[in-house]
Amino acid sequence: MADLGDVAPLRLTHHSWNGALSFCNHTWVLPRSHKVVGAMPLFHDEPANCWASGWNLGDQLARQRRWNSGVRGDPVVAWKAAYTGETVNEFLSQSTAPRSEVTQLTIRDIDSLDCAQLVQRFPRVAWLHLHGRLGLLSAAGELNRLVSLQGISIIDLFGMTREDRLQPQCVAKLESVDLYSIPAEYASAMHSIWRPEIPAGTYVSILRARKPEWVEENRSNPLREWDGREQISATTYKRAVAQYKTTRNAILQVFVAEPADIQLTRAEEIGRAYGEAFNRLDRRSVFIETVEREELFAALDHIVNEAEARYGPGLEGARDSLISGVESVRDW
């Protein structure tokens, strides 16, 4: 403790901070890479009104020191990389040297990803974030070769089995396991093997374990994220998906059975029915907030995109009519 010298609160003035004290709530699990060196009296007793997703100790101090030295932009860091699923697969297919400098890797919109190739090209990754679109993660057991791994996040990816679970003896530095919407078999195996590691400093969050039937049923369901969301009951979710399917079928039928001169009129009628249906659902139990509203419109885009893929481009008029119908009646 004596090595710390005179400790004072950190006041933030960088970027949009206006001199507020730097303090926040952290997860209760002390990461295994951290060490308690002692205790000090509190500088004040006000509660923090912000929460950190990770500990990241020293981050705000580094940002403030850069600001004080006149550096206004964040530095370019070679150790951080971000890809989409498409771009990373293109990179993995090339004969290039491994990116050993990358320690923080984020890959989004994954449809398929070979973990064996990933480990070969990014051998020193410490923080790995994989976000899928109900995508397929193959050879996931190869992630055990990432001996520097400290944190892993896997969302909406499938194909992993019990045998693919991460082993504490292989990834001994792992201090954060965050899994959401993954195979039930894999979720169970990861929970069993990592829950005992919590006292040693591994934060574990495993939510929305999915069975194969769920994956098959929801692969083309743009509202699937509503399943299990806090303010959305199971009944509301089922009714919402049923209404989405009704709207989808009606729109696709328009382009099969209706002549071009009345397609726009029918699209607007279907939009009104969609808007009114969700008015009724929201009156039963208020659940449509900003995010849900955006997702409801994104679901309509998904329908029109599917129609264009089937019947060809040029359906912007129908898209506009559909949205116009919704806007004319919606209360959400």
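Only a predicted model underlies this, so the values are computations on that prediction, with no experimental measurement involved. The numbering scheme is per chain: residues are counted from 1 as the chain's sequence reads. Selection of residues for local features in this predicted model requires a pLDDT of at least 70, selection of side-chain atom pairs for listing and counting requires 80 or more, and totals for whole chains, interfaces and linings are taken over all residues. Note that water and hydrogens are dropped before the side-chain values are worked out from all heavy atoms of the structure.

Considering unusual backbone geometry
Thinking step 1. One non-glycine residue with positive phi stands out, namely histidine 15, at about 50°.
Thinking step 2. For helices the rule is a DSSP run of H or I covering at least 4 residues; for strands it is a run of E covering at least 2, with both sets numbered from the N terminus onward. Within the secondary structure, histidine 15 sits in the loop between strand S1 (11–12) and strand S2 (20–21).
Thinking step 3. Look at histidine 15 and you get partly exposed, because its relative accessible area is 42%.
Thinking step 4. Although it is not a glycine, asparagine 56 sits at a positive phi angle of roughly 45°.
Thinking step 5. Burial classes: relative accessible area under 20% of the type maximum marks a residue as buried, over 50% as exposed, and values in between as partly exposed (1.4 Å probe, protein chains only). Classification of asparagine 56 as exposed rests on a relative accessible area of 57%.

So, the nonpolar core
Thinking step 1. What we call a nonpolar core is a set of buried Ala, Val, Leu, Ile, Met, Phe, Trp, Tyr and Cys residues that are connected through their side-chain atoms within 4.5 Å. Grouped together as the largest cluster of nonpolar side chains are 40 residues, with contacts concentrated most on Leu105, Phe122, Leu128 and Ile154.
Thinking step 2. Beyond its immediate stretch of four places on either side in the chain, leucine 105 contacts Ala81, Tyr83, Leu118, Phe122, Val125, Trp127, Leu128 and His129.
Thinking step 3. Of all hydrophobic cores here, the second largest spans 30 residues; its members include Ala240, Ile251, Phe278 and Trp332. It only takes one pair of heavy atoms within 4.5 Å for two residues to be counted as in contact.

Some remarks on the pattern of salt bridges
Thinking step 1. Salt bridge, as applied in this entry: a Lys or Arg side-chain nitrogen positioned within 4 Å of an Asp or Glu carboxyl oxygen. One pass over the structure, following the stated rule, counts 19 salt bridges.
Thinking step 2. When the shortest N-O distance is used, the salt bridge between aspartate 111 and arginine 133 registers 2.8 Å. Of this pair, aspartate 111 sits in strand S4 (residues 104–114) while arginine 133 sits in strand S5 (residues 127–138), and the two are 22 residues apart along the sequence.
Thinking step 3. A relative accessible area of 45% places aspartate 111 in the partly exposed class.
Thinking step 4. Owing to a relative accessible area of 42%, arginine 133 belongs among the partly exposed residues under this scheme.
Thinking step 5. Among the ionic pairs, aspartate 331 bridges to arginine 283, the shortest N-O distance being 3.5 Å. In this pair, aspartate 331 is assigned in the segment after helix H9 (316–327) and arginine 283 in helix H7 (residues 260–284), connecting sequence segments 48 residues apart.
Thinking step 6. For aspartate 331, a relative accessible area of 60% gives the class exposed.
Thinking step 7. Classification of arginine 283 as exposed rests on a relative accessible area of 58%.
Thinking step 8. In this structure, a network of salt bridges that share partners links the residues Asp59, Arg63, Arg66 and Asp74.

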